[in-house]
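Breakdown of the fold
Read off the chains here:
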Amino acid sequence: MNSTSFGFLCVPLEASFPGLTLCLLPEYERKLTWITQSSNKDGFFYTPNTVTWRCDPATGARLKRIPRSERPAQSFHLPVSHEISLTSPIRDSGSIESDDSFLVQTLAFLFGTRLQIARWRFDGRIPIERQDSMWMDEATAIHFLEHAYSWWRSLSDINRGRMVNILYSYTRALSMEWEWDAFPWQYMIFDAIWRLHRDIECKKDAGIKHVDRIAHICLAFGTPCPKDSVDELVKARNDLFHEGLWMSHPVGFSPAGDGGIQLPKNLARLNARLICAITGYKNAFVQSGWDFMGWQQFDRMP
């Protein structure tokens, strides 16, 4: 039995299916109270501050606090909330291709947050309240987790790593504050999904222009592809990547109400559908629209 603790998932989720058991760790409620009280009312846990000390080189004991050394930590841990136990993992814990990495990042994707296994650190702010537009019940989340894990195990080593990276990057992008920071991350995620899809299907990209990728992959998965919305994404991508412009202005200078705040959200909603679709999970969510605001149900595959 291979067991890995991770956190912090603010949902008291427990489940089991062949090969996997997911359970709460002791003192879950106490840790949840601390996380909730330490987070901001905007739904995020922010980077804690750190200070530098002069220490005794022999004993490691702190001797003197260095003046003016306080700053937000570059990385930090959060308490663990759950434990995953696996009976026959493909890879031992600790690598990007490991089973527990995939399962933890899939749970983060499903619940609109960021998660890490116990010995790994976070950077930036962490969503305590979900930051995407998906809604699902816990039974559907576990059903998808079981389906996706079976599919993931069938992939090659390199594609297992690619899928974990897609999930990790997707949840990290949800933490970004400015739309011009979140948008390139979401576009990189789309490109990674495209690469994984083409590799799984053993297809080459010859003859398919970058501008046509969204239409091609949406057609393959039956996902809506509204031309005006796709054109907005492609134009924003080209302006930002090739000219350093956001909504035709220098980054940070676009006027309020220009629609830019919506673009990374639209692309995130599209990416969520493609992540679901690439695993072969054929539900109505995959075929639902993604270029508008509002909650959308992630339904159980028939």
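Notes on the structure in this doc start here. (Residues numbered from 1 in each chain as written. Predicted model: local features only at pLDDT ≥ 70, side-chain atom pairs only at ≥ 80, totals over all residues. Heavy atoms only, no water.)

1. What to know about the overall build of the chain
Put simply, the rule is: Secondary structure elements are defined from DSSP: runs of H or I of at least 4 residues count as helices, runs of E of at least 2 residues count as strands, and each element is numbered from the N terminus. We compute the radius of gyration from the C-alpha atoms alone; for a globule the expected value is 2.2 Å times N to the 0.38, where N is the number of residues. Burial classes: relative accessible area under 20% of the type maximum marks a residue as buried, over 50% as exposed, and values in between as partly exposed (1.4 Å probe, protein chains only). A contact between two residues is defined here by any heavy atoms of the two lying within 4.5 Å. Computed with a 1.4 Å probe, the accessible areas rest on the Shrake-Rupley method; for each residue, only the protein chains presented here act as cover. Counted charges follow a simple rule, with Lys and Arg positive, Asp and Glu negative, and His plus the chain ends left uncounted. Working definition for charges: the position is that of NZ of Lys, CZ of Arg, CG of Asp or CD of Glu.
The secondary structure content of the chain amounts to 8 helices and 15 strands. Here the C-alpha atoms of the chain give a radius of gyration of 21 Å, agreeing with the 19 Å that 2.2 N^0.38 yields for 302 residues. Its C-alpha atoms put the chain at 65 × 50 × 35 Å along the principal axes. By residue count, 48% of the 302 residues in the chain fall in the buried class. Nonlocal contacts in the chain, meaning residues at least 24 apart in sequence, comprise 66% of its contacts between residues at least 6 apart. Per element, the accessible surface of the chain, about 14,900 Å² overall, is 52% carbon and sulfur. Taken as two groups, the 33 positive and 34 negative side-chain charges of the chain have centres that lie 5 Å from each other.

2. Some words on the sheet that holds strand S9 (residues 82-86)
The line we're drawing: Here, strands pair whenever DSSP counts at least two bridges between them. Axes, fitted as lines to C-alpha atoms, cover a helix only where it is in contact. Angles between the N-to-C directions of the axes lie from 0 to 180 degrees.
Taking strand neighbours across the sheet as the criterion, the 5 strands line up as S2-S3-S9-S1-S10 in an open arrangement whose pairing is antiparallel. Of all strands in the sheet, those bounded by a partner on one side alone are strand S2 (15-17) and strand S10 (116-117). Pairing between S2 and strand S3 (residues 20-24): 3 bridges, direction antiparallel. Bridge assignment links Phe17 to a residue of S3, and that residue is Leu20. Of the strands in this sheet, S2, S3 and S9 are in contact with helix H3 (residues 138-153), which crosses S2 at around 35°.

3. Things to note about the environment of Leu13
Among the secondary structure elements, Leu13 is positioned in the loop between strand S1 (2-7) and S2. In this structure, Leu13 is in contact with Leu22, Leu24, His82, Leu107, Phe111, Glu138 and Ile142, ignoring residues within four places of it in sequence.

4. Observations regarding the packing of helix H2 (residues 99-110) against helix H4 (residues 157-173)
For clarity, the threshold we go by: Handedness of each helix crossing follows the sense of rotation of the near helix against the far helix: counterclockwise by less than a right angle gives left-handed, clockwise gives right-handed.
At their nearest, the axes of H2 and H4 sit 9 Å apart, and the two run at 35° to each other. Crossing of H2 over H4 shows left-handed handedness. Residues Ser101, Phe102, Gln105, Thr106, Ala108 and Phe109 of H2 pack against Met163, Val164, Leu167, Tyr168, Tyr170 and Thr171 of H4.

5. A word on the side chain of Ser229
Checked against the element boundaries, Ser229 lands in helix H7 (residues 227-243). Contacts of Ser229, omitting those with residues within four sequence positions, involve Trp290 and Asp291.

6. Observations regarding H7
So the rule is basically this: By this rule the span expected of a helix is its residue count minus one, scaled by 1.5 Å.
Taking 1.5 Å of rise per residue, the 17 residues of H7 would be expected to cover 24 Å, and the 23 Å separating its terminal C-alpha atoms lies within 8% of that figure. All of the buried residues along H7 are Ser229, Val230, Leu233, Val234, Ala236, Arg237, Asp239 and Leu240. Buried residues along H7 sit against helix H5 (179-200), helix H6 (213-221), strand S13 (245-246) and helix H8 (263-278).

7. What to know about the packing of H6 against H8
Note the following rule: Roughly parallel means an angle under 35 degrees; roughly antiparallel means over 145; roughly perpendicular covers 65 to 115; every other angle is labelled oblique.
Look at H6 against H8: their axes get within 10 Å of each other, and the N-to-C directions meet at 45°. Of the possible angle classes, the one that applies to H6 and H8 is oblique. Regarding H6 and H8, the two cross each other, and that crossing is left-handed. Residues Ile214, Ile217, Cys218 and Phe221 of H6 lie in contact with H8, whose contacting residues are Leu270, Leu274, Ala277 and Ile278.

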